[in-house]
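# Close look at the chain arrangement
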Amino acid sequence: MKYLKINTEENADLEAIRNAVLQLKGVASAEIIDDENPESELKKAFAKTKEQLKTGDYETLVNDIFDIITKNNSKK
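Read on for a plain summary of the structure. (Residues numbered from 1 in each chain as written. Predicted model: local features only at pLDDT ≥ 70, side-chain atom pairs only at ≥ 80, totals over all residues. Heavy atoms only, no water.)

Topologically, Q52 is positioned in helix α2 (residues 38-55). Here the side chain of Q52 touches D64 through a polar contact of 3.0 Å, side chain to side chain. Discounting chain neighbours no more than four positions away, the residues touching Q52 are D57, T60, L61 and D64. (Helix = DSSP H or I, 4+ residues; strand = E, 2+ residues; numbered from the N terminus. Polar contact = N/O pair within 3.5 Å; in protein donor to acceptor, adjacent residues only side chain to side chain. Contact = heavy atoms within 4.5 Å.)

If you want it as structure tokens, here you go:
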């Protein structure tokens, strides 16, 4: 999977940008990520994990954890 990172100005309408990107052919999902507020990202990650466990989506859960581990190791 490939990702596209879009840097926005302070007053940008992030929800409008997200909705526009979702309309593009080939876009499976779009998330708004706030690099300046990592705590909210941690909460989102826990919520996603909790939902994956509830729905039995163990393969995606394991893949997400593996991605985190390999990304952290590659930074060292």
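The next subject is the pattern of salt bridges. Opposite charge on two side chains permits them to pair, given that their charged atoms come into close proximity. Evaluation of the coordinates by the stated rule reveals 2 salt bridges. Across the pair R18 and E15 runs a salt bridge whose closest N-O atoms are separated by 3.2 Å. Residue R18 and its partner E15 are located together in helix α1 (residues 14-22), separated by 3 residues, close to a single helical turn. Exposure remark for R18: the relative accessible area of 26% places this residue in the partly exposed category. (Salt bridge = Lys/Arg side-chain N within 4 Å of Asp/Glu carboxyl O. Buried < 20%, exposed > 50% of the residue type's maximum accessible area, 1.4 Å probe, protein only.)

This paragraph deals with a nonpolar patch on the surface. A cluster of nonpolar side chains, contributed by L4, I6, L14, I17 and I32, occupies part of the molecular surface with about 420 Å² of accessible area. Among the secondary structure elements, I17 is positioned in helix α1. (Patch = residues over 30% accessible without salt bridge, like charges linked within 9 Å, V, L, I, M, F, W, Y side chains within 5 Å. Areas by Shrake-Rupley, 256 points an atom, 1.4 Å probe, with all protein chains shown as cover.)

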